[in-house]
Amino acid sequence: MHARQLPSFPKMASISMATFTGDHDVRSCSAVKCHTMEERSNLMNMMKLSIKVLIQSALSLGRTLDSDFPPLQQFFVVMEHCLKHGLKARKSFIGQNKSFFGPLELVEKLCPEASDIATSVKNLPELKTAVGRGRAWLYLALMQKKLADYLKVLLDHKHLLSEFYEPDALMMEEEGAVIVGLLVGLNVLDANLCLKGEDLDSQVGVIDFSLYLKDIQNSDDSKQDHGITAVLDQKHYVEELNRHLSCTVGDLQSKIDCLEKTNSKLQEELAAATDRIGSLQEEQQQLKHQNELIRERSEKSVEVTIQDTKIELDTYKQSRQGLDEMYSDVWKQLKEEKKIRMELEKELELQIGMKTEMEIAMKLLEKDTHEKQDTLVALRQQLEEVKAINLQMFHKSQNSESSLQQKKETISSFEGKTNQMMSTMKQMEERLQHAEQARQVAEGKNNKMKQEFGGRIETLQQQLSQVDNQCSILEKELKSEKEQRQTLQRELHQEKDTTSLLKTELQQMEGLKKELRKLQDEKQQLEKVCEEQEQALQEMGLHLSQSKLKMEDIKEVNKALKGHTWLKDDEATHCKQCEKDFSISRRKHHCRNCGDIFCNTCSSNELALPSYPKPVRVCDTCHTLLLQRCSSTAS
């Protein structure tokens, strides 16, 4: 596919630095609009030219682009002018500032893939101005081959761009979408741009028009090459058509053979189906006879079982009434005995409570005696200590005559204390005697209580044993009645099982009736299938005759197609499949199979053809046909 020439650039002479900067004095609204329109068109044409020269020079060299490549430098200069067009001046501490890096920072928020570019630009220590960061951002986006995608994301959110651009700016108008379409072509190129060591902050963006003036002289040579390649493409196209037609003839012959085989198979299946229908009719008659016999037997057995169940139900009802009466009497006796037992248990609990209270009182008395004994021991120890102190004082009185008076006073005080201690000792001994007397009295009472309650407890235990014996007798009687009741319930279950069996036999009878109906329906369906197969055979014969006619038509089409030629670029104004008009963003592409011209979306597939050594571009319809043909030949 040859690179299509971009539109001519008639307004080269009118470009000047005044149009880029836009510093003219505004006198009226109409003059301002005309001025901005001219600026946009001039920038648009410059962008087309710079992209065209960059692609052509890169393809002719056939290598990766460096930052020193002149067409690439000029492209970035033009791109910078386009992004600066219509920028609003932002106020800051230094003054008013116009920078195209502001809108580019929005891409990081709208497209998460661009976060790597933003972080790498911010981490570069050499960049100090917003202009330098914007240029570095453009370099990295071009190396990623996503410059067109990122700008398209910006144009889809024009409400955000309105904060940075005027309403009549190039990025806010339709020219911005056209520039994005042109930038898609740069995805073919490989760029290796080194940002370290370059002074992106202080570069001056001046457009060099000498590169674009040389391009006009080389256009004549490219036209001659274009004519030769068109003739070669036509030759390949005719060879491919011949090969396709021979393939279609072979496919049709194989289909005819398959149809003849299927016809013979269908006839054999028809004969087998007729035999099956006869055998099914015989089986149907036998099943009818068996159904009648089973029905008579089941009706007789059902009548006999119904009579037996009625008699057994009457006997069961009579026996159940007698059992219910017995059960109610026994239940009343049980309730009365339970009441008596509860009263006896309550009396026992009261007596046990009295006993526990007496035991607690005894324990308290024992504790008091122990405590008093402990106090007596402590008082005796204190007396011994006092005696030891008296002895020490007596020895000291012999040694020290000067302190005799003081010692006598202390001795008199200690004697008073000893008298008090002696009096307390006497009182404690009296209390001990009283406590021992109370203890003896309590032990006597306890023995009397034990003698009194011992007789009562024995009588109550005897009564309890009698009640337990009566309960065991009643429980045995209850068990025997429960066993009788369980036997009656088992007999009832057996009767229910017999009735359920009879019901299942009745349901089987109904199922046999349904099977009879199903067999009749299957017979009708088989008759319909036979009729449909006969109709299908007739239709197959018609298809065979039609396929022969199509073969003749294809041969005539083959003869007519041999005279077709390769469709020229000038003859096609719109895509043959989607019928959309061609433009700068929607380019023309030849299908190497049919020779027609399509857009990029309708001819994005590639397949290997016999007339081409490598896979070439093919339209969607040819792609599906060729794949079907390959699958049919493989099968």
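Further remarks concern the overall build of the protein chain. Within the protein chain, the regular secondary structure consists of 13 helices and 6 strands. For the protein chain, with 635 residues in total, the buried portion stands at 29%. Sequence-distant contacts, at least 24 apart, represent 71% of the contacts inside the protein chain between residues at least 6 apart. About 43500 Å² of surface is accessible on the protein chain, with carbon and sulfur atoms providing 53% of the total.

With that settled, the discussion passes to the packing of helix α4 (residues 101–110) against helix α7 (residues 147–156). At a minimum axis distance of 9 Å, the contact between α4 and α7 shows a crossing angle of 90°. With respect to α7, the axis of α4 lies roughly perpendicular. Taken together, the residues of α7 that come into contact with α4 (itself represented by Pro103, Leu104, Leu106, Val107 and Leu110) are Tyr150, Leu151, Val153 and Leu154.

Now for the pattern of salt bridges. For the coordinates displayed, the defined rule picks out 9 salt bridges. Linking Arg341 and Glu345 is a salt bridge whose minimum nitrogen-to-oxygen distance equals 3.8 Å. Of this pair, Arg341 and Glu345 are both found in helix α11 (residues 219–399), 4 residues apart, which corresponds to roughly one turn of the helix. Judged by relative accessible area, Glu345 falls into the partly exposed class, the value being 32%. Taken together, the shared-partner salt bridges in this structure form one network comprising Glu80, Lys84 and Arg135.

Its location among the elements puts His623 in helix α13 (residues 620–634). Residue classification places His623 among the buried residues on the basis of a relative accessible area of 18%. When neighbours within four sequence positions are excluded, His623 is seen to be in contact with Asn605, Leu607 and Val618.

Turning to α4, its buried residues are Phe101, Gly102, Pro103, Leu104, Leu106 and Val107. Where α4 is buried, its residues meet α5 (115–123), α6 (130–143), α7 and α8 (158–161).

Our focus in this paragraph is the packing of aromatic side chains. For the structure on display, the rule yields 3 aromatic pairs. Pairwise contacts between aromatic rings join Phe75, Phe76 and Tyr139 into one cluster.

With respect to the helices and strands, Val618 occurs in strand β6 (residues 616–618). You can call Val618 buried: its relative accessible area is 0%. For the pair Val618 and Cys591, spaced 27 residues apart in sequence, the C-alpha to C-alpha distance is 4.7 Å. Contact partners of Val618, with chain neighbours within four places excluded, come to Cys591, Asn593, Ser603, Ser604, Asn605, Leu607, His623 and Leu626.

Together, Glu292, Glu296, Glu299 and Glu303 line one region of the surface with negative charge. Topologically, Glu292 is positioned in helix α11.

A residue-level look at the protein chain finds 81% of positions with pLDDT of 70 or above and a mean pLDDT of 77. Counting interchain partners and residues more than four positions distant, the pLDDT-below-50 stretch residues 1–27 has 50 contacts. The low-confidence segment residues 559–564 (pLDDT under 50) makes 3 contacts with residues lying over four places distant or belonging to another chain.

Our next topic: the nonpolar core. Ranked by internal contacts, the top residues of the largest apolar core, which has 61 residues, are Phe75, Trp137, Leu151 and Leu183. Broken down by secondary-structure element, the contributors of at least two residues to this core are α2 (29–61), α3 (70–84), α4, α5, α6, α7 and α9 (174–183). The residues contacting Leu183, other than those within four sequence positions of it, are Ile51, Phe75, Met79, Leu147, Ala148 and Leu151. Among the nonpolar cores identified, the runner-up in size contains 17 residues, and Cys591, Cys619, Cys622 and Leu626 belong to it.

Along the chain, Lys288 turns up in helix α11. What makes Lys288 partly exposed here is its relative accessible area of 37%.

This brings us to the packing of α3 against α6. Close contact between α3 and α6 brings their axes to 11 Å; oriented N to C, the two are set at 120°. For the element pair α3 / α6, the angle class is oblique. Where α3 crosses over α6, the two elements pack in a sense that is right-handed. Two secondary-structure elements touch here, α3 through Leu72, Phe76, Met79, Glu80 and Leu83 and α6 through Val131, Arg135, Leu138, Tyr139 and Leu142. For the contact of α3 with α6, a count of residues per class yields 8 nonpolar, no polar and 2 charged.

Rules of the game
Residues numbered from 1 in each chain as written. Predicted model: local features only at pLDDT ≥ 70, side-chain atom pairs only at ≥ 80, totals over all residues. Heavy atoms only, no water. Helix = DSSP H or I, 4+ residues; strand = E, 2+ residues; numbered from the N terminus. Buried < 20%, exposed > 50% of the residue type's maximum accessible area, 1.4 Å probe, protein only. Contact = heavy atoms within 4.5 Å. Areas by Shrake-Rupley, 256 points an atom, 1.4 Å probe, with all protein chains shown as cover. Axes fitted to C-alpha atoms, helices over the stretch in contact; angles between N-to-C directions. Parallel < 35°, antiparallel > 145°, perpendicular 65-115°, else oblique. Salt bridge = Lys/Arg side-chain N within 4 Å of Asp/Glu carboxyl O. Phe/Tyr/Trp six-rings, centres within 6.5 Å; stacked < 30°, edge-to-face > 60°. Patch = residues over 30% accessible without salt bridge, like charges linked within 9 Å, V, L, I, M, F, W, Y side chains within 5 Å. Lys, Arg positive; Asp, Glu negative; His and termini not counted. Charge placed at Lys NZ, Arg CZ, Asp CG, Glu CD. pLDDT = per-residue confidence, 0-100. Core = buried A, V, L, I, M, F, W, Y, C linked by side-chain atoms within 4.5 Å. Left-handed = near helix turned anticlockwise from the far one by under 90°. Nonpolar A, V, L, I, M, F, W, Y, C, P; charged D, E, K, R; others polar.

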